[in-house]
Amino acid sequence: MSKTKVVYYNPAMASAHESDEKTFSGSESEVSDESDFESESEQESDSEDDSQVCTKQPCKYYNRGGCKGGASCSYLHVCKYFLTGNCRYGSSCKLNHSLGGRRSFGECASSEDQSAASNPQLTDGRPYQWQINDGKGWRDVENDHIIEAQYSLPHTKSIKIYNTSYGAVCIDFNKIRIYEKKNLKVRRLDDGNTVWDWYCTLSRKWRKYGDKNSKGNPSPVKSSDIERKFQSNPKSSFTFIAGGESFQIKFPEMRQVGKKKNRKVTRRPVFRQQQGIAGAAHVVATSFQKLSVGTKPQWQFEGNGGNWYNFKRRSGTSSECSITSDDIESKYQLNPTDSMKFKIKGQPYKLDFGAMIQINQTNNRKRKIRRVLV
């Protein structure tokens, strides 16, 4: 059992909503989704230190096949992909996957945690570990299955958790960093067995590579194909042909580039349930909700002034609605990427869960919607 210090927070203080904003206010805690393109510089990581396993960098010569420095080398003789949880060879890798031996890990591999140091895995045996560092060493985040469940969703940009020892903490999933708290760093450790899915934006929705299109035709490329190339060289690109046109997925920019359009690309893990958590495995899109004890989902739409309003019937008013928030949630639980039709004062509307928008089917006017936990 690891004796790593733990960052505690109340899981009921982490709630979900859909927003394009990077900063948050006005609600207990939130999850932000991706719906617009960012600049390419926003997609690049600040530095490898934010997600790197240790304080030292892996030796590039060791990773290329041999280091003349040997035991006197000041860099880590360890597989660089293992450190980020991305080694496709796993236990069969010819490079070092051990946390023990000649290296300076500080608190992330202290003498108190020798079981992890002797185990050829990055985590202490769990599928993943989210940790925060305040300059005094890495500390596990309690209830990190909630963070992981949201991280596995391609449209989720960030999560904000309250009631931690550092106050409110907002984790940016794209860059694996903490917003507005420069003294804090965050990282995700991996056991090396994570399956990664790749997605791109199409009509404001995230589509997984490998899924069939609306006509039932299979995708010309699978997530596993992209992941294999990414594992071999995260700074390279992946090229494929669809409909007679050549496309290129540029890993550093996380963009799919074609002759006419560029599309945003993201890479997210397939959610795995931690051992010891009550209940059977849940649908990924609803795991966060179901594991947040004592919370209730509330669906809202954005008004003209930027304020958010709850979906409710409002009988006898000019905005009388045919559905309630509970009706929307029931439909959403069945398929988080589906849509739902309803009426407001007899006028037809549609909710698009994938794009998180409300569409007036008479004039095609669109409004943002979101799902919060209250």
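Residues numbered from 1 in each chain as written. Predicted model: local features only at pLDDT ≥ 70, side-chain atom pairs only at ≥ 80, totals over all residues. Heavy atoms only, no water.

## Things to note about the overall build of the protein
Phase 1: Within the protein, the secondary structure is distributed over eight helices and 20 strands.
Phase 2: Within the protein, the proportion of its 374 residues that are buried is 48%.
Phase 3: For the protein, long-range pairs separated by at least 24 residues make up 54% of all intrachain contacts whose partners lie at least 6 apart in sequence.
Phase 4: About 18,900 Å² of surface is accessible on the protein, with carbon and sulfur atoms providing 47% of the total. (Helix = DSSP H or I, 4+ residues; strand = E, 2+ residues; numbered from the N terminus. Buried < 20%, exposed > 50% of the residue type's maximum accessible area, 1.4 Å probe, protein only. Contact = heavy atoms within 4.5 Å. Areas by Shrake-Rupley, 256 points an atom, 1.4 Å probe, with all protein chains shown as cover.)

## Comments concerning the side chain of Glu148
Phase 1: Positionally, Glu148 belongs in helix α5 (residues 144–151).
Phase 2: The residues contacting Glu148, other than those within four sequence positions of it, are Tyr128, Trp130, Arg188, Pro269 and Phe271.

## Focus: the nonpolar core
Phase 1: Trp130, Ile132, Val169 and Ile171 are the most contacted members of the largest nonpolar core, which totals 20 residues.
Phase 2: Those elements giving two or more residues to this core turn out to be β3 (128–133), α5, β5 (156–164) and β6 (167–172).
Phase 3: Per-element accounting of this core gives the leading share, four residues, to α5.
Phase 4: Ranked by size, the runner-up nonpolar core spans 15 residues in total, among them Phe301, Ile328, Tyr349 and Ile369. (Core = buried A, V, L, I, M, F, W, Y, C linked by side-chain atoms within 4.5 Å.)

## What to know about helix α8 (residues 325–334)
Phase 1: Considered for burial, the residues of α8 that qualify are Ser325, Ile328, Glu329 and Tyr332. One side of α8 holds all its buried residues, which, seen down the axis, span an arc of 100°. (Arc of directions from axis to C-beta.)

## What about the pairing of strand β8 (residues 185–190)?
Phase 1: Of all the six residues making up β8, five are buried; the element is thus mostly covered by neighbouring parts of the structure.
Phase 2: Of the strand pairs in this sheet, β3 and β8 are connected by six bridges, and their pairing is antiparallel. Residue pairing across strands places Gln129 opposite Leu189, the latter belonging to β8. (Pairing = 2+ DSSP bridges.)

## A word on the layout of surface pockets
Phase 1: Estimated volume of the second largest pocket: approximately 1,200 Å³.
Phase 2: As for the second largest pocket, its lining consists of 43 residues, and the residues nearest its centre are Trp206, Arg207, Lys208, Tyr209 and Asp211.
Phase 3: Within the residue set of the lining of the second largest pocket, elements represented by two or more residues are β9 (196–202), β10 (205–208), β11 (237–242), β14 (262–269) and α7 (284–291).
Phase 4: Residue composition of the lining of the second largest pocket, by class: 23 nonpolar, twelve polar and eight charged. (1 Å grid on protein atoms, 1.4 Å probe; cavity = no way out; pocket = protein on both sides within 12 Å on 5 of 7 lines; lining within 4 Å. Points joined across faces, edges and corners; volume = space filled by probe spheres on them. Nonpolar A, V, L, I, M, F, W, Y, C, P; charged D, E, K, R; others polar.)

## Some words on helix α6 (residues 223–232)
Phase 1: Listing the buried residues of α6 in full gives Ser223, Ile226, Glu227, Phe230 and Gln231. Projected down its long axis, α6 shows its buried positions confined to an angular sector of 135°, all on one face.
Phase 2: Considering only its buried residues, α6 is in contact with α3 (80–83), β9, β10, β11, β12 (245–250) and β14.

## A closer look at the packing of aromatic side chains
Phase 1: Under the defined criterion, the tally for this structure stands at 17 aromatic pairs.
Phase 2: A ring pair is formed by Phe238 and Phe240, whose centres lie 6.2 Å apart and whose planes are at 35°; its orientation type is tilted.
Phase 3: Their ring planes at 65° and their centres at 5.2 Å tell us that Phe301 and Phe311 sit as a pair that is edge-to-face. Within this pair, whereas Phe301 is found in strand β15 (residues 297–302), its partner Phe311 is found in the loop between β16 (308–310) and α8, the two being separated by ten residues in sequence.
Phase 4: Using a relative accessible area of 3% as the deciding quantity, one classes Phe311 as buried. (Phe/Tyr/Trp six-rings, centres within 6.5 Å; stacked < 30°, edge-to-face > 60°.)

## Section: the pattern of salt bridges
Two side chains of opposite charge can pair, provided their charged atoms sit close to one another.
Phase 1: The tally for this structure, following the rule as stated, stands at twelve salt bridges.
Phase 2: Residue Glu227 pairs with Arg267 through a salt bridge whose shortest N-O separation is 2.8 Å. Of this pair, Glu227 sits in helix α6 while Arg267 sits in strand β14; the two residues are 40 residues apart in sequence, bridging distant segments of the chain. Here Glu227 and Arg267 have matching classes, each one buried.
Phase 3: Between Arg313 and Asp327 there is a salt bridge, with its nearest N and O atoms 3.5 Å apart. Of the two residues, Arg313 sits in the loop between β16 and α8 while Asp327 sits in helix α8, which places them 14 residues apart along the sequence.
Phase 4: Relative accessible area serves as the criterion here: at 38%, Arg313 is assigned to the partly exposed category. (Salt bridge = Lys/Arg side-chain N within 4 Å of Asp/Glu carboxyl O.)

## Thoughts on the side chain of Ser236
Phase 1: Topologically, Ser236 is positioned in the loop between α6 and β11.
Phase 2: For Ser236, a relative accessible area of 16% gives the class buried.
Phase 3: A distance of 2.6 Å separates the side chain of Ser236 from the backbone oxygen of Asn233, its partner in a polar contact.
Phase 4: If we ignore the near neighbours within four places in the chain, the residues touching Ser236 are Lys229, Ile249, Lys250, Phe251 and Pro252. (Polar contact = N/O pair within 3.5 Å; in protein donor to acceptor, adjacent residues only side chain to side chain.)

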